[in-house]
Amino acid sequence: RYNRITIELLGSNGNLIIDRVHHEVSYFNVKQKKWKKFKFSKANLFEMYPKQINYFLNCLTKKTKANLDIFDAIKTQKIIDGAFLSSKRKKTIAIK
């Protein structure tokens, strides 16, 4: 078995696969019936955390309006919970 750390999201408009081992994101567009692949470096992966922290702090200290709302947070949490449940059951599950 080879190492893999992936997240696969299946949607009605397409599929998204995030591969953290090979540093790439693949997107399948249902309408175009084509895959697009985006490569990123290991440095890019670690670069996102300080950016997230700075964005969060600016929202708190400079009263910058967040580009997300509570509904985005709920959707994100459902995906995280679904990923854990899928791993526990060892099968794909639907997230609604």
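An account of the accompanying structure is given in this report.

About the thresholds
Residues numbered from 1 in each chain as written. Predicted model: local features only at pLDDT ≥ 70, side-chain atom pairs only at ≥ 80, totals over all residues. Heavy atoms only, no water. Pairing = 2+ DSSP bridges. Helix = DSSP H or I, 4+ residues; strand = E, 2+ residues; numbered from the N terminus. Salt bridge = Lys/Arg side-chain N within 4 Å of Asp/Glu carboxyl O. Buried < 20%, exposed > 50% of the residue type's maximum accessible area, 1.4 Å probe, protein only. Patch = residues over 30% accessible without salt bridge, like charges linked within 9 Å, V, L, I, M, F, W, Y side chains within 5 Å. Areas by Shrake-Rupley, 256 points an atom, 1.4 Å probe, with all protein chains shown as cover. 1 Å grid on protein atoms, 1.4 Å probe; cavity = no way out; pocket = protein on both sides within 12 Å on 5 of 7 lines; lining within 4 Å. Points joined across faces, edges and corners; volume = space filled by probe spheres on them.

1. Considerations on the pairing of strand β4 (residues 34-39)
Inference 1: As paired elements, strand β3 (residues 24-29) and β4 share six bridges and run antiparallel to each other. Residue pairing for β4: Y27 is matched across the bridge by K36.
Inference 2: Between β3 and β4, which pair antiparallel in sequence order, lie four residues; one of them, K33, sits at a positive phi of approximately 55°.

2. So, the pattern of salt bridges
Inference 1: Counted according to the given criterion, the structure contains two salt bridges.
Inference 2: The shortest N-O distance in the salt bridge between K37 and E24 comes to 3.6 Å. Here K37, found in strand β4, pairs with E24, found in strand β3; they are 13 residues apart in sequence, far enough to count as distant.
Inference 3: Given a relative accessible area of 57%, K37 falls into the exposed group.
Inference 4: Residue classification places E24 among the buried residues on the basis of a relative accessible area of 12%.
Inference 5: For K39, the salt bridge goes to E24, with nearest N and O atoms at 3.3 Å. A residue pair is termed long-range when its members are at least 10 positions apart, and K39 in strand β4 and E24 in strand β3 qualify at 15 residues.
Inference 6: In this structure K39 comes out as exposed when scored by relative accessible area, which is 60%.
Inference 7: Each of the salt bridges in this network shares a partner with another, and the network as a whole consists of E24, K37 and K39.

3. Let's talk about a nonpolar patch on the surface
Inference 1: A cluster of nonpolar residues, I7, L9, I79 and I95, forms a patch on the protein surface that exposes about 300 Å² of accessible area.
Inference 2: Considering the arrangement of structural elements, one finds I79 in helix α2 (residues 70-89).
Inference 3: For I79, a relative accessible area of 34% translates into the label partly exposed.

4. Considerations on the layout of surface pockets
Inference 1: Approximately 1000 Å³ is the volume found for the largest pocket.
Inference 2: In this structure, the largest pocket is lined by 31 residues; those nearest its centre are I7, E8, L9, A83 and S86.
Inference 3: At the level of elements, β1 (6-10), β2 (14-19) and α2 are the ones that each hand at least two residues to the lining of the largest pocket.
Inference 4: Looking at which element gives the most residues to the lining of the largest pocket, the answer is α2, with seven residues.
Inference 5: Looking at the second largest pocket, its volume works out to about 340 Å³.

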